[in-house]
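Listed here are the chains, written in short residue letters.
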Amino acid sequence: MSPAQATADEALIARIAQGDRLAMQVLYGRHHVRVFRFGLRLVKNEQIAEDLISEVFLDVWRQAGKFEGRSAVSTWLLAITRFKALSALRRRTDGELDEDVSNAIEDTSDDPEVAIQKKDISAALRKCLTSLSPDHREIVDLVYYHEKSVEEVAEIIGIPRNTVKTRLFYARKKLAELLQAAGVERGWP
Amino acid sequence: MMAMRKKVQTDAPDEIEALLPWHAAGTLSARDARRVDEALARDPDLARQYAAIREEYSETILLNESLGAPSSRAMQKLFAAIDAEPARSRPSSISLSTRVVGFFARLSPRTLAVAAAVAVLALLLQAGVIGVVLMKHDSGSFQTASYRPADRQGASTSFTRSLEPDSTARALVRFKPDARMSDIAALLESYQATIVESTSGGMFQLQFNRPMSKEEVAGVVAKLQNEPIVGLAVASQ
């Protein structure tokens, strides 16, 4: 995100704090897709992820006056999204979670082998990315897709900077193990 | 390669290795990016790992992009909830920093540049007035208040003031010859006062930014008199 857009986001928050509905529409338009995708990767359910967006931006509407600009608005949004996603996961019944886990297992066992048969390493890599644990998935997404710095990731997840770096390192190691299990050798580790 | 595998399997990442993903995403500081580039140039194993990271980076982006976008239901639900919220009658609980950011962010770059230039000019003018008058009256000797209302054209000679809070509370101040500009500016800020006039007798008329009763003005003037950079302070009309 450019400094210009970061400043524009803060101006929108200032207007939202004063009840500017149009400013909320603009902010929503800018960020709702990324919020949705970050939430979806955490909760693995489109319906829940859509409900999350509404909750996240409603929180922004209510709390805009308290935003102090110490981090980027996008970082603030992802931190709220993560909090709400984890709350949603805790509310779900064991039965629903078991179903999700079994679906994940099925995905893992079938598609990477199919992808290798078709020599599609990219697809295998993508499938293995979906098979990472929630902690590893979120940190990979925050760094690669949401382009968050070490400090921003630390703020969103609520862990120290060094833990951010080592957690991503071990996420990558796990990814390499999954790929190796699917027959993909990438020369690391 | 085998040594590299052994290292990775048993050890935590070293500093540069840990930064590789951020380098691929382009979110490192310039300094860290330079350090990583130098390390990659001299370490082929690190470069191979970096190539793998770049694959992960691009596939993560493709994966997330493939997740699609939410339906309009989410936005409808959001704005229905916003409409159900109590109306905001006034800007409430908005932090000063947010308001300041919002105000300046609304200005165009040209307007911001002009506003900044005017603010600097105002500061320089105020400092210049102080500097010129201090240079003219640097004898260092104590003088009784020599301000004579008759020195000012059309000025009232009466110092009688009502007991009601005065919305233009003022004081006359002479600064000591060795008073620094920065100390004078700090004093003005602490007393919430501005210099509105200077006199030929080397006095400055300060106007306070809030209404004050006669007693309050007297108290403030007494405090001013005790300031280290103030030579003399008296209440003024």
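Residues numbered from 1 in each chain as written. Chains lettered and ligands numbered in written order. Predicted model: local features only at pLDDT ≥ 70, side-chain atom pairs only at ≥ 80, totals over all residues. Heavy atoms only, no water.

As for the overall build of chain B
Phase 1 of the analysis: When helices and strands are tallied, chain B shows nine helices and four strands.
Phase 2 of the analysis: Mapped from its N terminus to its C terminus, chain B presents α and β elements in the order α-α-α-α-α-α-α-β-α-β-β-α-β.
Phase 3 of the analysis: Looking at chain B as a whole, 34% of its 237 residues qualify as buried.
Phase 4 of the analysis: Taking as baseline every contact in chain B between residues at least 6 positions apart, the subset at least 24 positions apart corresponds to 67%.
Phase 5 of the analysis: Working note: accessible area of chain B is about 14100 Å², and carbon and sulfur atoms make up 58% of it. (Helix = DSSP H or I, 4+ residues; strand = E, 2+ residues; numbered from the N terminus. Buried < 20%, exposed > 50% of the residue type's maximum accessible area, 1.4 Å probe, protein only. Contact = heavy atoms within 4.5 Å. Areas by Shrake-Rupley, 256 points an atom, 1.4 Å probe, with all protein chains shown as cover.)

Quick notes on the side chain of H32 of chain A
Phase 1 of the analysis: For H32 of chain A, the position within the fold is in helix α2 (residues 21-43).
Phase 2 of the analysis: Once residues within four sequence positions are removed from consideration, H32 of chain A is found in contact with I53 and F57 of chain A together with P70 of chain B.

Brief notes about unusual backbone geometry
Phase 1 of the analysis: For K44 of chain A, which is not glycine, the phi torsion reads 55° and is therefore positive.
Phase 2 of the analysis: With respect to the helices and strands, the residue K44 of chain A is situated in the loop between α2 and α3 (46-63).
Phase 3 of the analysis: By relative accessible area, K44 of chain A is classed as partly exposed at 36%.
Phase 4 of the analysis: For Q192 of chain B, which is not a glycine, the phi torsion comes out positive at approximately 55°.
Phase 5 of the analysis: Take Q192 of chain B: it is sitting in the loop between α8 (181-190) and β2 (193-198).

Concerning the packing of helix α2 (residues 15-25) of chain B against helix α3 (residues 30-42) of chain B
Residues and elements named next belong to chain B.
Phase 1 of the analysis: Running from N to C, α2 and α3 cross one another at 110°; their axes reach a closest spacing of 10 Å. Our classification of the angle between α2 and α3 gives roughly perpendicular. Considering the relative orientation of α2 and α3, their crossing is left-handed. Two secondary-structure elements touch here, α2 through E15, I16, L19, L20 and H23 and α3 through D32, A33, R35, V36, D37, A39 and L40. (Axes fitted to C-alpha atoms, helices over the stretch in contact; angles between N-to-C directions. Parallel < 35°, antiparallel > 145°, perpendicular 65-115°, else oblique. Left-handed = near helix turned anticlockwise from the far one by under 90°.)

Quick word on the interface of chain B and chain A
Phase 1 of the analysis: Each partner contributes residues to the interface: chain B has 54 residues there, and chain A has 61 residues.
Phase 2 of the analysis: Buried area between chain B and chain A, both sides added, is near 5400 Å², and the carbon and sulfur share of it is 62%.
Phase 3 of the analysis: When the buried area of chain B at its contact with chain A is split by residue, W22, E56 and R88 of chain B rank highest and sum to 13% of it.
Phase 4 of the analysis: With its nearest N and O atoms 3.4 Å apart, the salt bridge here joins R37 of chain A to E65 of chain B.
Phase 5 of the analysis: Among the secondary structure elements, those contributing two or more residues to the side of chain B that touches chain A are α1 (2-10), α2, α4 (44-65), α5 (72-84) and α6 (96-106) of chain B.
Phase 6 of the analysis: If you tally residues by element for the side of chain B that touches chain A, the top one is α4 of chain B, at 13 residues.
Phase 7 of the analysis: In terms of residue class, the side of chain B that touches chain A is built from 29 nonpolar, twelve polar and 13 charged. (Buried area = accessible area lost by both parts, 1.4 Å probe. Salt bridge = Lys/Arg side-chain N within 4 Å of Asp/Glu carboxyl O. Nonpolar A, V, L, I, M, F, W, Y, C, P; charged D, E, K, R; others polar.)

A closer look at the packing of aromatic side chains
Any two aromatic rings considered together are summarised by their centre-to-centre distance and by the angle between their planes.
Residues and elements named next belong to chain A.
Phase 1 of the analysis: Enumeration according to the criterion identifies four aromatic pairs over all chains in this entry.
Phase 2 of the analysis: Pairing Y28 with F57 gives two aromatic rings, centres 5.0 Å apart and planes at 65°, and the pair type is edge-to-face. Taken together, the positions of Y28 in helix α2 and F57 in helix α3 put the pair 29 residues apart, joining distant regions of the chain.
Phase 3 of the analysis: Given the relative accessible area of 0%, F57 is considered buried.
Phase 4 of the analysis: Sitting over the face of the ring of Y145, R34 holds its NZ or CZ atom 4.5 Å from the ring centroid. (Phe/Tyr/Trp six-rings, centres within 6.5 Å; stacked < 30°, edge-to-face > 60°. Lys NZ or Arg CZ within 6 Å of the ring centre and 35° of its normal.)

So yeah, pure geometry; function would need other evidence.
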